[in-house]
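Structural characterization, general
What follows is the residue order along each chain.
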Amino acid sequence: MRHIIFLLTFSFFFISCGENDKKQKEVALKENELALKQKKPDVTEKQISGDTTAKIIAPTNASAVEQIVLDIRSEFKRINLLKLKTKKYKFDCDTEGTIIYYTENGKVVKIAIDWGFMGHTSLTSEYYYKNEKLIFTCDTDYYEPLYEPVIKTELRSYVNNDKTIKYMKNQKISVCTKCQFTESSREYKAFRAYNTNNIKSALCD
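Notes on the structure in this doc start here.

Calculation criteria
Residues numbered from 1 in each chain as written. Predicted model: local features only at pLDDT ≥ 70, side-chain atom pairs only at ≥ 80, totals over all residues. Heavy atoms only, no water. Core = buried A, V, L, I, M, F, W, Y, C linked by side-chain atoms within 4.5 Å. Buried < 20%, exposed > 50% of the residue type's maximum accessible area, 1.4 Å probe, protein only. Helix = DSSP H or I, 4+ residues; strand = E, 2+ residues; numbered from the N terminus. Contact = heavy atoms within 4.5 Å. Pairing = 2+ DSSP bridges.

With 21 residues, the main nonpolar core has Phe-91, Ile-99, Tyr-101, Ile-111, Ile-113 and Leu-203 as its most contacted residues. Where this core is concerned, the elements lending two or more residues are β1 (85-93), β2 (95-104), β3 (107-118), β4 (121-130), α4 (186-192) and α5 (199-204). With four residues, β3 is the single largest residue contributor to this core. With sequence-adjacent residues up to four places away left out, Tyr-101 is seen in contact with Lys-85, Thr-86, Lys-87, Tyr-89, Val-108, Lys-110, Ile-111, Ala-190, Phe-191, Ala-193, Tyr-194 and Ile-199. By size, the runner-up hydrophobic cluster in this structure holds 15 residues, among which are Ile-79, Tyr-128, Ile-135 and Tyr-158.

Moving on, we get to the sheet that holds strand β7 (residues 163-169). Spatially, β1-β2-β3-β4-β5-β6-β7-β8 is the arrangement adopted by the eight strands of the open sheet, whose pairing is antiparallel. Across the chains shown, the open sheet's two edge strands, defined by having one partner strand only, are β1 and β8 (172-173). Alignment of β2 against β3, held across seven bridges, turns out to be antiparallel. In the sheet register, Tyr-102 faces β3, and the bridge partner there is Lys-110.

And the structure:
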């Protein structure tokens, strides 16, 4: 009888240890998963701070993107409320157009371009800059068919670190047609053409 009781007690001990060991492994696994999550780099934070070592440069966190968009809106509203110095040039790219540079403390913060009419269509563009970096573009197309109301198409690009982070067509979010800007982009070529005689080559090439 004593042998039977001893065997039952011994078996129960091993079963209990097995269950405890299983629970300990589960706890350890959860702790390892938590540690890995904590070690995972915050890509969004790197993107916003301009750290180009991040694999994805455009911010992916929705709230972070919207905050950048709000900052951009505040900046172009501020620019449009200022009494800025202006310089106006004419150019000819198949049609006659005009470009106006707006400067704050000698630095270009806005460019407005009227591309002129071609057939029944005219196009205007506005580019905004902060610290010599493009932050916003707005292209407006006016199509004026005979005996019909004017059809207006507005395209807005919110730009961060030379990448489009939000693109809107007629006030609705859409897929960007131009998602990245470089030194060879028209927006930067126009910016560099200020106070030079290269307006036509900057805009027409």
